[in-house]
Structures are given as C-alpha cells and as structure tokens.
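# Structural overview
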Amino acid sequence: MTDINQANETLTGKTAQEIVEWAIAQGSKPVVTTNFGPHEAVILHMATQVKPDIQVIWIDSGYNTRETYKVAQQLIEELKLNIDVFTPKISAARQDASLGGIPAVDSPTHAEFTENFKLEPFTRAMKEIAPDVWLTAVRAEQTEFRAGMQVVETGPNGVTKVAPLLSWTTQEMDEYLKEHGLPNVAKYFDPTKALANRECGLRTKL
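Notes on the structure follow. (Residues numbered from 1 in each chain as written. Predicted model: local features only at pLDDT ≥ 70, side-chain atom pairs only at ≥ 80, totals over all residues. Heavy atoms only, no water.)

### Re a negative patch on the surface
This is how it is decided: Each patch groups residues whose relative accessible area exceeds 30% and which form no salt bridge, using 9 Å between like charges and 5 Å between nonpolar side chains of Val, Leu, Ile, Met, Phe, Trp and Tyr. Working definition of accessibility: Shrake-Rupley area with a 1.4 Å probe, residue cover restricted to the visible protein chains. The term salt bridge refers to a pairing of a side-chain nitrogen on Lys or Arg with a carboxyl oxygen on Asp or Glu at a separation within 4 Å. Positive charges are assigned to Lys and Arg, negative charges to Asp and Glu, while His and the chain termini are left out of the count. Positions of charges follow a simple convention, taking NZ of Lys, CZ of Arg, CG of Asp or CD of Glu. Helical segments are the DSSP runs of H or I of at least four residues, strand segments are the runs of E of at least two, and each set is numbered from the N terminus.
A cluster of like negative charges, contributed by Glu172, Asp174, Glu175 and Glu179, occupies part of the molecular surface. Tracing the backbone through its elements, the reader meets glutamate 179 in helix H8 (residues 170-180).

Written out as structure tokens, the structure is:
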C-alpha cells in the first residue's frame, strides 16, 4: 500500500513525465484511463513513452462526437494503444428511443443515467482489470473539486490514483500536443455533464 503523504512529498517539484515514470514503477498492473476528450493525448503519450503496452481503459458512453471517435482511432493506431473499451449495459440508442434520452442535470433521473452510463462501466472495468496504479489526466484548473485534489490519492479498491498533469494549464497542454504532433478533440460531449466545469460524478463518488 502506497504511503500517500510520503508519495506526494517525494513528487513535489517533479515534472509530469517524472511523475508518470514514478507511478508506473510503483505498480505491477498500472492502467491509464481516458475519454479521448480534449488534451487526453498528453497522458496517453506520456504513459506509453514509459510503458508502451500499458493497459488503457476507455469508458465509451456511446454519445461521443464523430470527431472524438476519429481522434480515438488515430491515437489507438499511432500510439499502438493496448486498449480495453467498456460500454454501458444500456446502449445510447435504447436510451434515446425508449428511456427518454439524456435527462437534464436537474432531472430526478439524472443520477440513474450517470450511474448507467459512467459509474457502472467504470466500476466494472476496475473490478475486472484490478489495477494497482491508476493514471488519470485530471487537472486542477478544470473544476473546483479537482483544485482540491493531490497528485497521489487512494482510489477505488485501494488503487493508487496518480494525476501527473494536475498542475498543468491549458496552454501547457496545447504546447505539449504541438511539440509531439498529437491530435486533439475540439468538439467533445459528455452526456453526464451539463457544463464544462461540472463534475460528471465519477470523481466525487470515488
């Protein structure tokens, strides 16, 4: 079990790439999660530079934009990602056709929708794969909740959750993408969020 306080102290002043290297060295089964949204190529590139075959988990809601799917396929091919895709047990087509579509954020059915389309497949993925280290691309400037996070925390099932890019700005992310010739998504849609700076429920629950 990782000593969280000691780990955060050790990583103070380290670069994002050094944090990635540290994180992967800690685990026997590290993973990186992605939604293939804006700037996600950064964490995927960093992780595969250290461990080319690192397991990548994608929770695909089925509601992604066409651009997101195109960029995802490009990154899968260019970075040779070792990817596992987890989808909701209810398809987007069924949700739209018979279950009322995407509920408004203030709807009483929104919590159930979030559970079905994000939390359940994520929980299933973590249970099936059972990683000991989890790399995530969350950044402090994205939401108020993330601003209070630490680089290293304890995640679900005792996994060591590491956010190497926590202190990075959007400008730094853009510069990294440009430097390494990585694609980015401009039109991204998360059906469980109403606003860009709103949490989807995954971070607050876990």
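### Side note on the packing of helix H3 (residues 40-50) against H8
Rules: The angle between two axes is taken between their N-to-C directions and runs from 0 to 180 degrees, where each axis is a line fitted to C-alpha atoms and a helix contributes only its stretch in contact. Geometric relationships in this document are graded by angle, where less than 35 degrees denotes roughly parallel, more than 145 denotes roughly antiparallel, 65 to 115 denotes roughly perpendicular, and other angles denote oblique. By definition, any crossing whose near helix is turned counterclockwise from its far helix by less than a right angle is left-handed, and any crossing with a clockwise turn is right-handed. The contact criterion used throughout is that any non-hydrogen atoms of two residues lie within 4.5 Å. Charged residues are taken to be Asp, Glu, Lys and Arg, nonpolar residues to be Ala, Val, Leu, Ile, Met, Phe, Trp, Tyr, Cys and Pro, and polar residues to be all remaining types, Gly included.
Here H3 crosses H8 at 55°, and the two axes come no closer than 9 Å. Comparing the axis directions of H3 and H8 gives the class oblique. Of the two possible hands of crossing, H3 and H8 adopt the one that is left-handed. Seen from H3, the contacting residues are Ala41, Val42, His45 and Met46; seen from H8, they are Met173, Tyr176, Leu177 and His180. Among the residues making up the contact of H3 with H8, the classes are represented as 6 nonpolar, 2 polar and no charged.

### Points about the pattern of salt bridges
Selection rule: Note on exposure labels: buried denotes an accessible area under 20% of the residue type's maximum, exposed denotes more than 50%, and partly exposed covers the range between, all computed with a 1.4 Å probe on protein chains only.
This structure, assessed with the given rule, holds 6 salt bridges. Across the salt bridge formed by lysine 89 and glutamate 120, the nearest N and O atoms sit 3.8 Å from each other. Placement of lysine 89 in the loop between strand E3 (82-86) and helix H5 (92-98) and of glutamate 120 in helix H6 (residues 110-129) is noted, with a sequence separation of 31 residues between them. The class of lysine 89 is exposed, set by a relative accessible area of 67%. Among the charged side chains, a salt-bridge network with shared partners connects Lys89, Glu120 and Arg124.

### Side note on unusual backbone geometry
For histidine 39, which is not glycine, the phi dihedral falls at a positive 70°. Tracing the backbone through its elements, the reader meets histidine 39 in the loop between strand E1 (30-34) and H3. Judged by relative accessible area, histidine 39 falls into the buried class, the value being 9%. Backbone geometry places alanine 130, a non-glycine residue, at a positive phi of 50°. According to the relative accessible area criterion, alanine 130 is partly exposed, its value standing at 46%.

### As for the sheet that holds strand E4 (residues 133-135)
Note the cut-off: Any two strands between which DSSP finds at least two bridges are classified as paired.
Across the sheet, 6 strands lie side by side as E3-E2-E1-E4-E6-E5; this open sheet has mixed pairing. Where the open sheet ends on each side, the last strands, each with one partner, are E3 and strand E5 (152-154). Averaged over all adjacent pairs, the angle separating strand axes in this sheet is 30°, with direction ignored. With 5 bridges joining them, strand E2 (residues 55-59) and E3 adopt parallel strand pairing.

### Things to note about the packing of aromatic side chains
Let me state the cut-off plainly: Ring pairs are drawn from Phe, Tyr and Trp, using the six-membered ring of Trp, whenever the two centres fall within 6.5 Å, and their geometry is named by plane angle: stacked under 30 degrees, edge-to-face over 60, tilted for the rest.
Applying the stated rule across the entire model yields 7 aromatic pairs. Taken together, a centroid distance of 5.9 Å and an interplanar angle of 50° make the contact between tryptophan 58 and tyrosine 69 tilted. Taken together, the residues tryptophan 58 in strand E2 and tyrosine 69 in helix H4 (residues 66-78) connect sequence positions 11 residues apart. By relative accessible area, tryptophan 58 is classed as buried at 5%. Relative to tryptophan 134, the ring of phenylalanine 122 has its centre 5.2 Å away and its plane inclined at 45°; by these criteria the two rings are tilted. Taken as a pair, phenylalanine 122 in helix H6 and tryptophan 134 in strand E4 lie far apart in primary sequence, 12 residues in all. In this structure, phenylalanine 122 and tryptophan 134 share a single accessibility class: buried. Aromatic rings pair up to connect Phe36, Trp58 and Tyr69 into one cluster.

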